[in-house]
Amino acid sequence: MILYRVLKDIFPCTSAFPAAYKFMTETNLKELACGKHEIDGINLYCTIWEGEGKGLEIPPLEVHDSYIDIHILLDGNESIGVKNRALCLSENTPYDESSDIAFYEEAPHNFINMSPGNFALFFPHDAHSPLIGKGFIKKAVIKVAI
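This report concerns the structure included in the present document. Just so we're clear, the structure is a prediction, and the values are computed from it rather than from any experiment.

Of the regular secondary structure elements, the protein holds two helices and 11 strands. For the protein, the sequential pattern of α-helices and β-strands runs α-α-β-β-β-β-β-β-β-β-β-β-β. Taking 15 Å as the expected radius of gyration for a compact globule of 146 residues, we find that the protein reaches 15 Å, a close match to that expectation. Across its three principal axes, the protein shows a C-alpha extent of roughly 40 × 35 × 30 Å. Residues counted as buried form 48% of the 146 residues belonging to the protein. Here the analysis covers contacts within the protein between residues at least 6 apart in sequence; of these, 78% occur between residues at least 24 apart. Taken as a whole, the protein presents about 7700 Å² of accessible surface, with 53% of it coming from carbon and sulfur. Averaging the positions of the 12 positive and the 20 negative side-chain charges in the protein gives two centres separated by 5 Å.

This part is about unusual backbone geometry. Despite not being glycine, Asp100 shows a phi value in the positive range, around 50°. Mapped onto the fold, Asp100 is located in the loop between β6 (93-96) and β7 (101-104). Residue classification places Asp100 among the buried positions, given a relative accessible area of 4%. Non-glycine residue Leu131 carries a positive phi angle of around 70°. Mapping Leu131 onto the fold places it in strand β10 (residues 126-132).

For helix α2 (residues 17-26), the complete set of buried residues consists of Phe17, Ala20, Tyr21, Phe23 and Met24. Taken down its axis, α2 places every buried residue within 160° of arc, on the same side.

Scanning the model with the defined rule gives five salt bridges in all. Measuring nitrogen to oxygen at the nearest pair gives 3.8 Å for the salt bridge that ties Lys138 to Glu50. Remark: Glu50 occurs in strand β2 (residues 44-52) and Lys138 occurs in strand β11 (residues 136-145); sequence separation between them is 88 residues. Judged by its relative accessible area of 10%, Lys138 is buried. Under the relative-accessibility criterion, Glu50 is labelled partly exposed at 38%. With its nearest N and O atoms 2.8 Å apart, the salt bridge here joins Lys139 to Glu78. Taken together, the positions of Lys139 in strand β11 and Glu78 in strand β5 (residues 78-84) put the pair 61 residues apart, joining distant regions of the chain. Taken as a pair, Lys139 and Glu78 share a single burial class, namely buried.

In this section: the side chain of Arg85. Position of Arg85 among the secondary structure elements: in the loop between β5 and β6. Overall, Arg85 belongs to the buried group, its relative accessible area being 17%. Beyond its immediate sequence surroundings of up to four residues, Arg85 is in contact with Val63, His64, Asp65, Glu91, Tyr104, Pro124, His125 and Ala127.

Rules used in this analysis
Residues numbered from 1 in each chain as written. Predicted model: local features only at pLDDT ≥ 70, side-chain atom pairs only at ≥ 80, totals over all residues. Heavy atoms only, no water. Helix = DSSP H or I, 4+ residues; strand = E, 2+ residues; numbered from the N terminus. Rg over C-alpha atoms; globule rule 2.2 N^0.38 Å. Buried < 20%, exposed > 50% of the residue type's maximum accessible area, 1.4 Å probe, protein only. Contact = heavy atoms within 4.5 Å. Areas by Shrake-Rupley, 256 points an atom, 1.4 Å probe, with all protein chains shown as cover. Lys, Arg positive; Asp, Glu negative; His and termini not counted. Charge placed at Lys NZ, Arg CZ, Asp CG, Glu CD. Arc of directions from axis to C-beta. Salt bridge = Lys/Arg side-chain N within 4 Å of Asp/Glu carboxyl O.

Written as structure tokens, this is what we have:
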């Protein structure tokens, strides 16, 4: 119920949050195959990723302009580095509109440690470095168009 309030009441910036919540609660995300799963075309979709974490090496911070990310850890342990995008000095990889991503080669200011069942929301102002950790990680990333 807390997740629904967060998505619907606290962050009502997109009408796709109720559909995202419905998908997350009515779908066994652990059983989905790796890859992209459409929920509502380009407005709302889910990507399942699994593989080895990147160890303690911190990947570049990434940002998205067109989507809000909901990261849900399904298996393993993951840390995600976070930094306010406004504090990033310059894009090392310019924004790619077709992929909705840009990268910053900067250190995060904080880290979120996740275990299975945890979720994290990342808005366009949140630069984030996912997949920090050792061992197998399986996660769902739900992309919600703004």
